[in-house]
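Fold and contact review
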Amino acid sequence: MAKKVFKSFVAIFSSFLILTIVVGTGSVSQAVTSNSVETGVKDKITDFSFSFIESYFKNENKDYSTNNSVTKNQNNAETSVYLGGFPIGIKLYCDGVVVVDTQNVETSGAVLNPAQKAGILKGDIIKSIDGVKVTTNSEVSEIIEESNGRELKMQILRNGEIKNVVFSSVYSSVSGGYKAGLWIRDSSAGIGTVTFYTQKGEFASLGHAVCDVDTGELLPISTGETTDAKITGCYKGKSGTAGELCGILESKSTGRIMVNKSIGIYGVFNEVDTTKTLYPLCRKNEVKMGAAQIVTTVEDGKQEAFNIEIERIDYISDENKNLVIKVTDENLIAKTGGIIQGMSGSPIIQNGKLVGAVTHVFLNDPTGGYGIFAETMLEVADGLSGEVADMEKAS
């Protein structure tokens, strides 16, 4: 299977820092792309780095190497983890099929929008059709194309609630065949940075959610996998334009992604390198304003620590903007302009401890951005290896 070429997406306003797909050489398979399909006929490659910019970031325009989890265990012993700072490929498969848009269909007598007529909205998740569970674009396309316009009962998920709609496709006089007027997506892929992993292989990455680039909603996943990734270069950030890392996603699976939520993606690696140095994980209330470092990879195979300042701390929020950070390292500024897309998840260390991860860049000043507490991320990652073991036993 050919390697896939990835490049980060330049967003408007403030940006999630995960890399985005663009098509490089060779074809891009469904397994590693963000596919949009108009009733199974058309494909469109998109990304998931720029997620819900218009609401999530609407008014935001300002500002080494890994053991286990929870900063203190029941015996009050300090917890340590293996440091990340290296890139991984991310492949996510949706739990259902996401409606990313609706479209008019030209018939012999009129221009119709069957999806709109049925009450289907952008952002809806199709869970089943006529009682048959659907998880891929091709399954939805096949059912619609073979329906010959008869009524179909669709079960959709909208804002956390299950709804049932009755839907009928129409015959297209342009392309032939029955069409739904739906653009749908069943998967997405990109490159992110690992924050940490434990001795059991539980890992945390990104520090923010993977959202659908068209709907802006958190991408619901049934499963996902990680791969190795190679950084091939970058575009420097500057005021008004987010920089971006470029890289190649390898095909071999290296782990399982189990959680996609507002504070990151989480899962379990197949294998872990336990020869590396363990870093104590800092409790939230121990994080201080002042000098710190981020560990990241902006050149292939070269993890480096760069100096930053933690300028502000929100100790209360459980979300992904706990820290306001400022890059002060002239070497990083010379290489990238500061924080760029693709660095999302890069660990922040202070006084020899892991305190957090980079999550966002400020568009008007790429040397500034946000970070999340590492302790918050560990609360999600801890125990995932046990869940994997239970799933394997059940299967």
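These lines cover the structure that appears in this document, whether it is placed above or below.

Definitions and cut-offs
- Residues numbered from 1 in each chain as written.
- Predicted model: local features only at pLDDT ≥ 70, side-chain atom pairs only at ≥ 80, totals over all residues.
- Heavy atoms only, no water.
- Buried < 20%, exposed > 50% of the residue type's maximum accessible area, 1.4 Å probe, protein only.
- Helix = DSSP H or I, 4+ residues; strand = E, 2+ residues; numbered from the N terminus.
- Polar contact = N/O pair within 3.5 Å; in protein donor to acceptor, adjacent residues only side chain to side chain.
- Contact = heavy atoms within 4.5 Å.
- Pairing = 2+ DSSP bridges.
- Phe/Tyr/Trp six-rings, centres within 6.5 Å; stacked < 30°, edge-to-face > 60°.
- Core = buried A, V, L, I, M, F, W, Y, C linked by side-chain atoms within 4.5 Å.

With that settled, consider helix α5 (residues 374-381). Of all 8 residues making up α5, 7 are buried, and the element is well covered by its neighbours. Every buried residue of α5 is accounted for by Ala 374, Glu 375, Thr 376, Met 377, Leu 378, Val 380 and Ala 381. Looking one or two residues past α5, Gly 383 carries a phi angle of roughly 95 degrees, positive in sign.

With that out of the way, let us pick up the side chain of Asn 113. Residue placement: Asn 113 occurs in the loop between β9 (111-112) and α2 (114-117). Classification of Asn 113 as buried rests on a relative accessible area of 13%. A polar atom in the side chain of Asn 113 sits 3.3 Å from the side chain of Asn 104. Within polar-contact distance, the side chain of Asn 113 engages the backbone nitrogen of Gln 116 at 2.9 Å. Setting aside anything within four residues of it in sequence, one finds Asn 113 in contact with Thr 102, Gln 103 and Asn 104.

With 12 of 16 residues buried, strand β7 (residues 87-102) is to be regarded as a mostly interior element. Here β7 pairs with strand β16 (residues 182-197) via 11 bridges, running antiparallel. Pairing of Ile 90 across the sheet is with Gly 190, part of β16. Alignment of β7 against strand β18 (residues 221-235), held across 7 bridges, turns out to be antiparallel. What sits directly across from Tyr 93, in β18, is Thr 223. Here β7 pairs with strand β10 (residues 125-129) via 2 bridges, running antiparallel. Along β10, the bridge assignment pairs Val 98 with Ile 125.

Counted according to the given criterion, the structure contains 7 aromatic pairs. Ring centres of Tyr 315 and Phe 373 lie 6.2 Å apart, and the angle between their planes is 20 degrees; on these two criteria the pair is classed as stacked. Of the two residues, Tyr 315 is situated in the loop between β23 (302-313) and β24 (323-327) and Phe 373 in strand β27 (residues 365-373); the sequence distance between them amounts to 58 residues. For Tyr 315, a relative accessible area of 40% translates into the label partly exposed. Overall, the relative accessible area of 1% leaves Phe 373 in the buried class. Relative to Tyr 370, the ring of Phe 362 lies with its centre 4.9 Å away and its plane at 90 degrees, an arrangement referred to as edge-to-face. The same class applies to Phe 362 as to Tyr 370, namely buried.

Now for the nonpolar core. In this structure, Val 287, Ile 310, Leu 323, Ile 325 and Ile 348 are the most contacted members of the largest nonpolar core, which totals 23 residues. Only β22 (290-299), β23, β24 and β26 (353-362) provide two or more residues apiece to this core. When residues of this core are assigned to their parent elements, the largest contribution, 4 residues, is made by β23. Phe 196, Ala 204, Ile 263 and Leu 281 belong to the second largest nonpolar core, which has 21 residues in total.

Residue Asp 130 is not a glycine yet carries a positive backbone phi of 50 degrees. Relative to the helices and strands, Asp 130 is located in the loop between β10 and β11 (132-133). Using a relative accessible area of 35% as the deciding quantity, one classes Asp 130 as partly exposed. In this structure, Asn 351 takes a positive phi of about 55 degrees despite not being glycine. Among the secondary structure elements, Asn 351 is positioned in the loop between β25 (347-350) and β26. On the basis of relative accessibility, which here comes to 72%, the residue Asn 351 falls in the exposed class.

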